[in-house]
Amino acid sequence: MMHTPDPQLQFDLKVAEEQRIEPKDWMPEPYRRTLIRQISQHAHSEIVGMLPEGNWITRAPSLRRKAVLLAKVQDEAGHGLYLYSAAETLGVSREQMIADLHSGKAKYSSIFNYPTLSWADMGAIGWLVDGAAIMNQVPLCRTSYGPYARAMVRICKEESFHQRQGYEIMMTLAKGSQEQKAMAQDALNRWWWPVLMMFGPKDDESPNTALSMQWKIKRFSNDELRQKFVDATVPQAEYLDLTIPDPDLKWNEARGHYDFGAINWEEFWEVVKGNGPCNRQRLEARQKAHAEGEWVREAAMAYAKKRVMSYEL
Ligand code: FAQ
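Residues numbered from 1 in each chain as written. Predicted model: local features only at pLDDT ≥ 70, side-chain atom pairs only at ≥ 80, totals over all residues. Heavy atoms only, no water.

S.K.: Please clarify how the overall build of the chain should be interpreted in this entry.
M.R.: A count of helical and extended segments in the chain gives 13 helices and two strands. Taking 20 Å as the expected radius of gyration for a compact globule of 313 residues, we find that the chain reaches 21 Å, a close match to that expectation. When each of the 313 residues of the chain is scored for burial, the buried share is 47%. Relative to all contacts within the chain whose residues are 6 or more apart in sequence, the contacts with residues 24 or more apart total 77%. Roughly 16,500 Å² of accessible area belongs to the chain as shown, and the carbon and sulfur atoms make up 58% of that amount. (Helix = DSSP H or I, 4+ residues; strand = E, 2+ residues; numbered from the N terminus. Rg over C-alpha atoms; globule rule 2.2 N^0.38 Å. Buried < 20%, exposed > 50% of the residue type's maximum accessible area, 1.4 Å probe, protein only. Contact = heavy atoms within 4.5 Å. Areas by Shrake-Rupley, 256 points an atom, 1.4 Å probe, with all protein chains shown as cover.)

S.K.: Got a minute to help me understand unusual backbone geometry in this structure?
M.R.: Peptide bonds are trans in most cases, and residues, glycine excluded, mostly fall at negative phi. Positive phi, close to 65°, is recorded for Glu18, a residue that is not glycine. Position of Glu18 among the secondary structure elements: in the loop between helix 1 (7–16) and helix 2 (29–48). For Glu18, a relative accessible area of 40% corresponds to the partly exposed category.

S.K.: I tried to follow the layout of surface pockets on my own but got confused; where do I start?
M.R.: One simple way to see leftover space: roll a probe sized like a water molecule over the atoms. When its volume is computed, the largest pocket comes out at roughly 1,000 Å³. As for the largest pocket, its lining consists of 42 residues, and the residues nearest its centre are Gln41, Ser109, Asn136, Met198 and Gly200. When residues of the lining of the largest pocket are traced back to their parent elements, those giving at least two are helix 2, helix 4 (63–88), helix 6 (120–137), helix 7 (146–174), helix 10 (222–240) and helix 11 (265–275). Here the lining of the largest pocket gets seven residues from one element, more than from any other, and that element is helix 6. (1 Å grid on protein atoms, 1.4 Å probe; cavity = no way out; pocket = protein on both sides within 12 Å on 5 of 7 lines; lining within 4 Å. Points joined across faces, edges and corners; volume = space filled by probe spheres on them.)

S.K.: Before we go on, may I ask you to explain the packing of aromatic side chains in this structure?
M.R.: Given two aromatic rings, one states the distance between the centres and the angle between the planes to describe the pair. Enumeration over the complete set of coordinates arrives at eleven aromatic pairs. With centroids separated by 6.5 Å and ring planes inclined at 65°, the aromatic side chains of Trp56 and Trp119 adopt a geometry described as edge-to-face. Here the residue Trp56 occupies a position in the loop between helix 3 (50–54) and helix 4, and Trp119 occupies one in the loop between helix 5 (94–102) and helix 6, the gap between them amounting to 63 residues. In this pair, the class of Trp56 matches that of Trp119, namely buried. Here Phe268 and Trp269 contribute two aromatic rings whose centre-to-centre distance is 4.8 Å and whose plane-to-plane angle is 70°, an arrangement assigned as edge-to-face. Note on Trp269: relative accessible area 35%, which makes it partly exposed. Linked through ring pairs, Phe11, Trp26, Tyr31 and Trp215 together constitute an aromatic cluster. For Lys175, the ring lying beneath its charged end belongs to Tyr239, and the centroid distance is 5.0 Å. Stacked on the ring of Phe220, the Lys or Arg Lys228 has its end atom at 4.5 Å from the ring centre. (Phe/Tyr/Trp six-rings, centres within 6.5 Å; stacked < 30°, edge-to-face > 60°. Lys NZ or Arg CZ within 6 Å of the ring centre and 35° of its normal.)

S.K.: Help me understand the nonpolar core in this model?
M.R.: Among soluble globular proteins, nonpolar side chains are generally buried collectively. Core analysis: the biggest nonpolar cluster contains 75 residues, and Tyr31, Ile39, Leu128, Tyr145, Trp191 and Trp192 have the highest contact counts within it. The contacts of Ile39, once residues within four sequence positions are left out, are Leu83, Ala86, Ala87, Leu90, Tyr145 and Tyr148. (Core = buried A, V, L, I, M, F, W, Y, C linked by side-chain atoms within 4.5 Å.)

S.K.: Please explain the packing of helix 6 against helix 8 (residues 178–197) as it appears in this structure.
M.R.: Any two packed helices are characterised by the angle at which their axes cross and by the distance between the axes. Where helix 6 meets helix 8, the closest approach of the two axes is 9 Å, and the angle between their N-to-C directions is 35°. Helix-helix and strand crossings are classified by hand; for helix 6 and helix 8 the assignment is right-handed. Facing helix 6, whose interface residues are Ala120, Asp121, Ala124, Ile125, Trp127, Leu128, Val129 and Ala132, helix 8 presents Met183, Ala184, Ala187, Leu188, Arg190, Trp191, Trp192 and Val195. When grouped by side-chain class, the residues that make up the contact of helix 6 with helix 8 number 14 nonpolar, no polar and two charged. (Axes fitted to C-alpha atoms, helices over the stretch in contact; angles between N-to-C directions. Left-handed = near helix turned anticlockwise from the far one by under 90°. Nonpolar A, V, L, I, M, F, W, Y, C, P; charged D, E, K, R; others polar.)

S.K.: Would you mind showing me how to read the pattern of salt bridges here?
M.R.: Pairing between side chains of opposite charge can happen when the charged atoms of each approach one another. Inspection of the entire model under this criterion finds 23 salt bridges. Among the ionic pairs, Arg219 bridges to Glu18, the shortest N-O distance being 2.9 Å. Residue Arg219 is located in the loop between helix 9 (209–214) and helix 10, and its partner Glu18 is located in the loop between helix 1 and helix 2; the two are separated by 201 residues in the primary sequence. Under the relative-accessibility criterion, Arg219 is labelled buried at 18%. Taking the shortest distance from any N to any O, the salt bridge between Glu53 and Lys72 comes out at 2.7 Å. You can see Glu53 sitting in helix 3 and its partner Lys72 sitting in helix 4, a full 19 residues away along the chain. Accessibility assignment for this pair places Glu53 and Lys72 in one class, buried. (Salt bridge = Lys/Arg side-chain N within 4 Å of Asp/Glu carboxyl O.)

S.K.: It is not clear to me how the side chain of Asp130 should be interpreted in this structure. Could you clarify?
M.R.: Locating Asp130 in the fold gives a position in helix 6. A relative accessible area of 6% places Asp130 in the buried class. Reaching out from Asp130, the side chain makes a polar contact with the side chain of His162 at a distance of 3.5 Å. Ignoring any residue separated from it by four or fewer positions in sequence, one finds Asp130 in contact with Lys72, Ile125, Glu159, His162 and Gln163. (Polar contact = N/O pair within 3.5 Å; in protein donor to acceptor, adjacent residues only side chain to side chain.)

Spelled out as structure tokens, the structure:
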């Protein structure tokens, strides 16, 4: 008699042995759904994340700054596209994911619902938002789902460049005139707390972490990554001679980590629910771009059809 291996057992074994799960492998339905949720939210974050910085491309202070910012924003579009492709391998269509974003059903990172008020915000976003993204995403290069892990390798390389360009803007401002230094401090004041929220709710209020860690989708919990980020960022702020806006921030010798103040979770959930300072504006901008791109999609489809027809002749 032929022995049929138990697919769940094979899946568990692969995950335990650090082998990647690939699109054609059997996988438990909740694993597939969690991945679709996380990867599509991640893709949407990259796409919506183009908007706050896109706002400053025409107002960059020099040609060099404009070229660098333009390249960074284009990278974010590329990240969104790799991630939509990775999610598609799980059986969800791009049209569906985009429809869910535009209807407000799908989530994207809370951080992109805050406004960019000055050029210093381009520095703060690169330094802090990309810095937080790297902290969260480097472990995702080892995530258990193959297409997601491979997409993250390239994305992380580009995120490192983004973080450095942001820190370099902050260095220039922090070492510039008094007004420039004040702009840098103001940007840090406004972005610090929303950046800490990017890592998601604290562990005891994070419903998805336990299973995601069991499946090795997530390698660290939200609080672990938040702490690593704070520990890495405090010396960077000290080097800039800028003050992190948290009176409770102090080194804890016994823990070997920085202690930090309480996060305003009420604000976080309001932003996640759609009531942040820019949620409406962001969604409207995406809906408008999609509608205005209709003719491009139509033209691309017509061209693809013509090519298939010419092969068939
Ligand atoms: N904003 O149970 P958990 C970037 C939701 S990319 C909004 O802890 P999980 C690059 C969460 O979805 C930034 N919602 O969830 C860039 C869940 O709701 P659901 C994006 C949030 O998945 C830089 C509920 O709360 N990065 O920055 C947020 O285990 C500069 C309960 O939460 C990624 O997406 C939030 N901050 O952990 C681009 C990385 N946090 O779905 C442009 C991949 C949580 O059950 C410029 N994602 N929620 O309805 C992850 O690592 C995880 O999904 C977490 C959340 C850590 C974000």
